[in-house]
Amino acid sequence: MTNTVLECIKTRRSIRRYKPEQIKDEELQSVLEAGTFAPTGMGYQDPWIVAVQNKEIIAQLTEMNKKFYEGAGDPYYGAPTIVLVFGSSPEKWRNSTNDGSLVLGNMMIAAHSIGLGSCWINREREMFATDEGKALMKQMGLPDGLVGIGSIALGYPASYPPTVKPRKDGYARVIR
């Protein structure tokens, strides 16, 4: 069985090279809106989404992320837009991480469906647990007590991965 949504899910790849030009406002709004329609536990809508296109703040996020990054280079791969997702601490809302992860997933599929590239980026939990991170959250107008769930690098792809890894045997099972 095939359809547009299933094909989009199957062809989306993590993009690690971006063109420098900024994405269009309507593209960003479409991606953000897709995030707001992700399912959340009990319809609580706990996640908070913040899109960053300010070059100085992106530079700050990059330096913050590098402190917890084991690789070399830019942990956001030069993307012109970074979309951060926050949620309540898991002690306050047990579905916080799950809900935020679904928001990130929806946004990545939506981005691919309109020709944008994205890559899930980790380490936001550690970044925003620091004093610098808490100050930046306050600067972004977020309420106290949130934690970083994750982020996506977002932009126009400069290249695509050349191959797709085959799916492992036994990945999905049906028990009848």
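A brief look at the structure comes next. Because the structure is predicted, anything quoted here is derived from the model rather than measured.

1. Description of the packing of aromatic side chains
Taken as a whole, this structure holds 2 aromatic pairs when the rule is applied. A ring pair is formed by Phe86 and Phe128, whose centres lie 4.9 Å apart and whose planes are at 75°; its orientation type is edge-to-face. Of the two residues, Phe86 sits in strand E2 (residues 81-88) while Phe128 sits in the loop between helix H5 (124-127) and helix H6 (131-139), which places them 42 residues apart along the sequence. In this structure Phe86 comes out as buried when scored by relative accessible area, which is 1%.

2. Considering the side chain of Asp46
Note that Asp46 resides in the loop between helix H2 (25-36) and strand E1 (48-52). Although Asp46 is buried, it forms no salt bridge, and the closest oppositely charged side chain is Lys92 at an N-O distance of 5.9 Å. A distance of 2.5 Å separates polar atoms of two side chains, one belonging to Asp46 and the other to Ser88. If sequence neighbours within four positions are ignored, Asp46 has contacts with Phe86, Gly87, Ser88, Trp93, Ser96 and Asp99.

3. Description of the environment of Trp120
With respect to the helices, strands and loops of the structure, Trp120 is situated in strand E3 (residues 117-121). Residue classification places Trp120 among the partly exposed positions, given a relative accessible area of 29%. Expressed as a C-alpha distance, the spacing of Trp120 and Ala153, which sit 33 residues apart in the sequence, is 6.7 Å. Once residues lying within four places of it in the same chain are set aside, the contact partners of Trp120 are Ser101, Leu104, Met108, Ser151 and Ile152.

4. Comments concerning the nonpolar core
Residues Val52, Leu61, Ile82, Leu84, Phe86 and Phe128 are the most contacted members of the largest nonpolar core, which totals 22 residues. At the level of elements, E1, helix H3 (55-66), E2, E3, H6 and strand E4 (146-155) are the ones that each hand at least two residues to this core. Among the elements that line this core, the one with the most residues is H3, at 4 residues. Setting aside residues up to four positions removed in sequence, Val52 forms contacts with Ile57, Ile58, Leu61, Pro80, Thr81, Ile82, Leu84 and Met140. Core analysis: the second largest hydrophobic core is formed by 18 residues, Ile23, Val31, Leu32 and Ala111 among them.

5. Side note on the pairing of E2
Of all the 8 residues making up E2, 8 are buried; the element is thus mostly covered by neighbouring parts of the structure. Summarising the sheet, E1 and E2 pair through 5 bridges and their orientation is antiparallel. Bridging from a neighbouring strand, Trp48 pairs with Phe86 of E2. Bridge count between E2 and E4: 8 bridges; the pairing is antiparallel. Along E4, the bridge assignment pairs Thr81 with Leu154.

6. Remarks on the pattern of salt bridges
This model, assessed by the stated rule, comprises 3 salt bridges. The closest approach of N and O atoms between Lys66 and Glu63, which form a salt bridge, is 3.6 Å. In this pair, Lys66 and Glu63 are both assigned in helix H3, 3 residues apart and thus about one turn of the helix distant. Look at Lys66 and you get partly exposed, because its relative accessible area is 36%. Looking at Glu63, the relative accessible area reads 44%, which means it is partly exposed. The partner of Glu132 in a salt bridge is Lys67, with the nearest N and O atoms 3.3 Å apart. Here the residue Glu132 occupies a position in helix H6, and Lys67 occupies one in the loop between H3 and E2, the gap between them amounting to 65 residues. A relative accessible area of 61% means that Lys67 is categorised as exposed.

Calculation rules
Residues numbered from 1 in each chain as written. Predicted model: local features only at pLDDT ≥ 70, side-chain atom pairs only at ≥ 80, totals over all residues. Heavy atoms only, no water. Phe/Tyr/Trp six-rings, centres within 6.5 Å; stacked < 30°, edge-to-face > 60°. Helix = DSSP H or I, 4+ residues; strand = E, 2+ residues; numbered from the N terminus. Buried < 20%, exposed > 50% of the residue type's maximum accessible area, 1.4 Å probe, protein only. Lys, Arg positive; Asp, Glu negative; His and termini not counted. Salt bridge = Lys/Arg side-chain N within 4 Å of Asp/Glu carboxyl O. Polar contact = N/O pair within 3.5 Å; in protein donor to acceptor, adjacent residues only side chain to side chain. Contact = heavy atoms within 4.5 Å. Core = buried A, V, L, I, M, F, W, Y, C linked by side-chain atoms within 4.5 Å. Pairing = 2+ DSSP bridges.

Remember that the coordinates give geometry; whether it matters functionally is a separate question.
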